[in-house]
Amino acid sequence: MTNASLVDLAAVFDAIPTSYAVLDTDLRFVAVNRAFLTSSGRSRDELVGRLLFDVFPDNPAAPGTRAVANLDASLRRVLRTGRQDTMPLQRYDVAGPDGVFRARWWSPVNAPVLDEAGQVVLLLHRADDVTDYVTERKRSGAGLDPYDAPQSADRSAADLYVRGQELRTALTAEAAEAERLAGMVQVALQLSGARSVAELTDIVIGRGLAVLGAGGGAVAVRTSTGDGADALELTMTDSLGERARRTFQHVPVDSPLPVAVAAATGEVVVLRDREESLAYTPQMEEAVSSTGLGTWVSLPLRAAGRSLGGLAIGWREPQDPTDRDVELMSAFAAQCAQSLAALQAREQERRVAGEQRRLSEALQRSLLTAPFEPDHLQIAVRYLPAAADAQVGGDWYDCFLAPTGTTTLVVGDVAGHDRDAAAAMAQVRNLLRGVSMTLGEPPAAVLAGLDHALHHLGVGVIATAVLAQVEQTPAERAAGLRTLRWSNAGHPPPVLVGPDGAARLLQTPPDLLLGLLPAAERSDHATTLHPGATLVLYTDGLVERRDAPLQEDLERLRAALEELHHLPVEELCDALLARLDGSPEDDVALLVLRAHPEDGPRPAEAGPQVLPPSPPGVVPPAG
């Protein structure tokens, strides 16, 4: 016998010796088996995709046979009622390759294929060619001339119908197998769409076993236990009962139970009745008594040469499965195994992606620490990872004191969304700090120094960033003002909200991204920072939306800041993130600075002043 695990349902369908065709609800050929091709004298290419009656029209020389009308009426009844329709013997002439019609007699049966909702989605058409029988009756002198006018056929209708009944009785088992096969096809389609191992087992035990006419069964999936050993975890049909679920929920892989043996050896274990089951192993006594099922077929679930578990199918009455029965069950088990392997691979990918995401987030959060709080300058920060597992990586914010004592603010984005991007982000962030502390220069010079460092150290990354410095001369301190100086390396523009709530984008001629040309020219820009003003730095995940121009996104952010400008800084950050359309498609790094008036104490909403340790030579911050 052919290795049953390699036999699929399509091969079983094609091997059935009786003519079968599958039609859609428009009566168009979907599939045909070899026997149908032989009996019809057509090739698969001449049938699949074409309408039934375009391929097989009425014989114009014998209109009284009403072949097309009768078959069409039967098929329409099946579509309307959802029930099988058995036709009386029907003369339906078929044209040969030469285009000449030849008289043919058929015994047709039409059956529905239903979906989960009970709707007819396909039609199964069986057509037994009984022309030889009719011809033999004529030769034996039974008075039937199959080529006579319709009146002759009418006179013999009763005799032919009896013969049709005899044929149908002989083919009952085959017809039942075809219906079972059609049900298996539907279950296979459902298995291919399963989204989790739990859903797959529900389909197998809830629908697949019912199609096989079983009284119950179980799917045994190989899993690792807490101590590192393997076991089989069984999911059972409700019909097996609570006692069986408690007893056999977990089975050792070396258990003598037939499902464990099938899983371990890759062989099918068939126990045809209660006596065979009880004689197989003493443990089957509990299985039989707790479930009430005495007959069992256990099949391996294997894919790519790997054992995934086993499938146990049970019946209350004794069974004597034929080779074809076992092949059908093995094909079903093979389909289960393929779907299970794909689901397990996807779940493993999700677990690995989740671990990678957690590691990346831990790395990012270890770097994205709480900001310091200079006197009368309040800083709030947020970091929001993207919804997708892979979207973890290169966004960052930073704030520190430059050697001159100015407050330095950075928001940037390293290209990529994975662990490599997160690691590259850490390098760029720390390099930027080192360059800034070493040079003590304005933002453009610091970004240029960073570009040179990236090039000479071989850090092959591309990044965007905005570097800003808040400065204050003695004259500005006396006037209660500050200077905001910044340089933009290909990053979305900062937004400055005035004390009156008017917001403007600090858009400037764009400088080149970091990591492309180490000698790229970079520019500084400056504006006055008035008491009560708010500066917003962010990454593109806060604004960019699919199918929307970037300028439109930026304008939406500017308008939102005008609407929310009255909120305390921490509440402002939360309100901006709350306005995102669902979960962000990209990471979001957000840094908001508010310049409070210096002619009074630090506002309560700003919280206590928090300063980082000042390195040697660093001037303490001036407000």
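Residues numbered from 1 in each chain as written. Predicted model: local features only at pLDDT ≥ 70, side-chain atom pairs only at ≥ 80, totals over all residues. Heavy atoms only, no water.

Peer 1: Any chance you could explain the overall build of the protein here in plain terms?
Peer 2: A tally of regular secondary structure across the protein gives 20 helices and 24 strands. Taking all 623 residues of the protein together, the buried fraction comes to 51%. Summed over its atoms, the accessible surface of the protein is roughly 28400 Å², and 53% of this surface lies on carbon and sulfur atoms. (Helix = DSSP H or I, 4+ residues; strand = E, 2+ residues; numbered from the N terminus. Buried < 20%, exposed > 50% of the residue type's maximum accessible area, 1.4 Å probe, protein only. Areas by Shrake-Rupley, 256 points an atom, 1.4 Å probe, with all protein chains shown as cover.)

Peer 1: Would you mind going over unusual backbone geometry with me for this structure?
Peer 2: Positive phi outside glycine occurs at Leu27, with the angle close to 65°. By the secondary structure assignment, Leu27 is in the loop between β1 (20-23) and β2 (29-32). The buried category is assigned to Leu27, whose relative accessible area is 3%. Backbone geometry places Ala304, a non-glycine residue, at a positive phi of 55°. Relative to the elements of secondary structure, Ala304 occurs in the loop between β13 (295-303) and β14 (306-315).

Peer 1: Would you mind going over helix α10 (residues 197-211) with me for this structure?
Peer 2: One full turn of an α-helix is made of 3.6 residues, so residues set three or four places apart face in the same direction. Between its first and last C-alpha atoms α10 spans 20 Å; for 15 residues at 1.5 Å apiece the expected length is 21 Å, and the two agree. Of all bends in α10, the biggest is about 30°, found at Val204. Buried residues of α10: Val197, Leu200, Thr201, Ile203, Val204, Ile205, Gly208 and Leu209, and no others. Just downstream of α10 lies Gly213, where phi reads positive at about 75°. (Expected span 1.5 Å × (residues − 1). Bend = angle between axes of the 7 residues up to and from the residue.)

Peer 1: Honestly, the nonpolar core in this entry has me stumped. Any pointers?
Peer 2: One broad trend across soluble globular proteins is that nonpolar side chains are buried collectively. Membership of the largest hydrophobic core comes to 34 residues, with the highest contact counts inside it found for Leu191, Val204, Leu301, Leu311, Ile313 and Phe332. Among the secondary structure elements, those contributing two or more residues to this core are α9 (172-192), α10, β9 (216-224), β13, β14 and α15 (323-367). Here this core gets ten residues from one element, more than from any other, and that element is α15. Discounting residues that sit within four places of it in the chain, Val204 has contacts with Leu191, Leu209, Val219, Leu311, Phe332 and Cys336. (Core = buried A, V, L, I, M, F, W, Y, C linked by side-chain atoms within 4.5 Å. Contact = heavy atoms within 4.5 Å.)

Peer 1: Before we go on, may I ask you to explain the sheet that holds strand β22 (residues 525-529) in this structure?
Peer 2: Neighbouring strands of a sheet are bound in pairs by backbone hydrogen bonds; such pairs are parallel or else antiparallel. Ordered in space as β16-β17-β18-β19-β22, the five strands form an open sheet in which the pairing is antiparallel. Strands at the two margins of the open sheet, each flanked by one partner only, are β16 (395-401) and β22. Sheet twist, expressed as the mean angle between neighbouring strand axes with direction ignored, is 15°. Here seven bridges tie strand β18 (residues 463-471) to strand β19 (residues 482-489), and the two strands are oriented antiparallel to one another. Opposite Val466, over in β19, you have Asn488 as the bridge partner. Packed onto the sheet, helix α16 (residues 419-439) meets β16 and β17 (407-414) and runs at close to 20° relative to β16. (Pairing = 2+ DSSP bridges. Axes fitted to C-alpha atoms, helices over the stretch in contact; angles between N-to-C directions.)

Peer 1: Got a minute to help me understand the pattern of salt bridges in this structure?
Peer 2: Close approach of charged atoms allows side chains of opposite charge to pair. Across all of its chains, the model carries 25 salt bridges by this definition. Of the charged contacts in the structure, one is a salt bridge between Asp98 and Arg102, with a shortest N-O distance of 3.0 Å. Judged by its relative accessible area of 47%, Asp98 falls in the partly exposed class. Note on Arg102: relative accessible area 44%, which makes it partly exposed. Put simply, Arg126 and Asp128 hold a salt bridge, and the shortest N to O gap is 3.1 Å. In terms of burial, Arg126 and Asp128 fall into one category: buried. When salt bridges that share partners are traced, they join Asp14, Arg34 and Arg44 into one network. (Salt bridge = Lys/Arg side-chain N within 4 Å of Asp/Glu carboxyl O.)

Peer 1: Sorry, what's going on with the side chain of Asn110 here?
Peer 2: Along the polypeptide, Asn110 turns up in strand β7 (residues 105-114). There is a polar contact of 2.6 Å between the side chain of Asn110 and the side chain of His125. Every residue in contact with Asn110, bar those within four places of it in the chain, is listed here: Leu71, Ser74, Leu75, Val78, Gln84, Asp85, Met87, Leu124 and His125. (Polar contact = N/O pair within 3.5 Å; in protein donor to acceptor, adjacent residues only side chain to side chain.)

Peer 1: Is there a simple way to think about a nonpolar patch on the surface in this case?
Peer 2: Residues Ile462, Leu512, Leu516 and Leu517 make up a contiguous nonpolar surface patch of roughly 330 Å² in combined accessible area. Along the chain, Leu516 falls in the loop between β21 (503-505) and β22. (Patch = residues over 30% accessible without salt bridge, like charges linked within 9 Å, V, L, I, M, F, W, Y side chains within 5 Å.)

Peer 1: Hey, could you run me through the environment of Met87 in this one?
Peer 2: Assignment of secondary structure puts Met87 in the loop between β3 (85-86) and β4 (90-91). Met87 sits in the buried class, given a relative accessible area of 4%. With 13 residues separating them along the chain, Met87 and Ser74 place their C-alpha atoms 7.1 Å apart.

Peer 1: Would you mind showing me how to read the packing of aromatic side chains here?
Peer 2: What describes a pair of aromatic rings is the distance from one ring centre to the other and the angle between the planes of the rings. Under the criterion given, the structure shown has three aromatic pairs. For the ring pair Phe29 and Phe56, a centre distance of 6.3 Å and an interplane angle of 75° mean the geometry is edge-to-face. Linking Phe29 in strand β2 with Phe56 in the loop between α4 (52-55) and α5 (67-81), this pair joins segments that are 27 residues apart in sequence. Each member of the pair Phe29 and Phe56 is classed as buried. Members of the aromatic cluster, connected to one another through ring pairs, are Phe29, Phe36 and Phe56. (Phe/Tyr/Trp six-rings, centres within 6.5 Å; stacked < 30°, edge-to-face > 60°.)

Peer 1: How should the pairing of β18 be read in this particular structure?
Peer 2: Two faces make up the sheet, and in a regular strand the side chains alternate between them. Across the nine residues that make up β18, a large majority, nine, are buried. Neither face of β18 is exposed, since Ala463, Ala465, Leu467, Gln469 and Glu471 on one face and Thr464, Val466, Ala468 and Val470 on the opposite face are all buried. Pairing geometry for β17 and β18, over eight bridges, is antiparallel. Looking at β18, one finds that Val411 is bridged to Val466.

Peer 1: Honestly, the environment of Ala423 in this entry has me stumped. Any pointers?
Peer 2: If you trace the backbone, Ala423 turns up in helix α16. Residue classification places Ala423 among the partly exposed residues on the basis of a relative accessible area of 37%. A sequence separation of 29 residues divides Ala423 from Gly394, and the C-alpha atoms of the two residues are 8.0 Å apart.

Keep in mind these numbers describe shape, not what the thing actually does.
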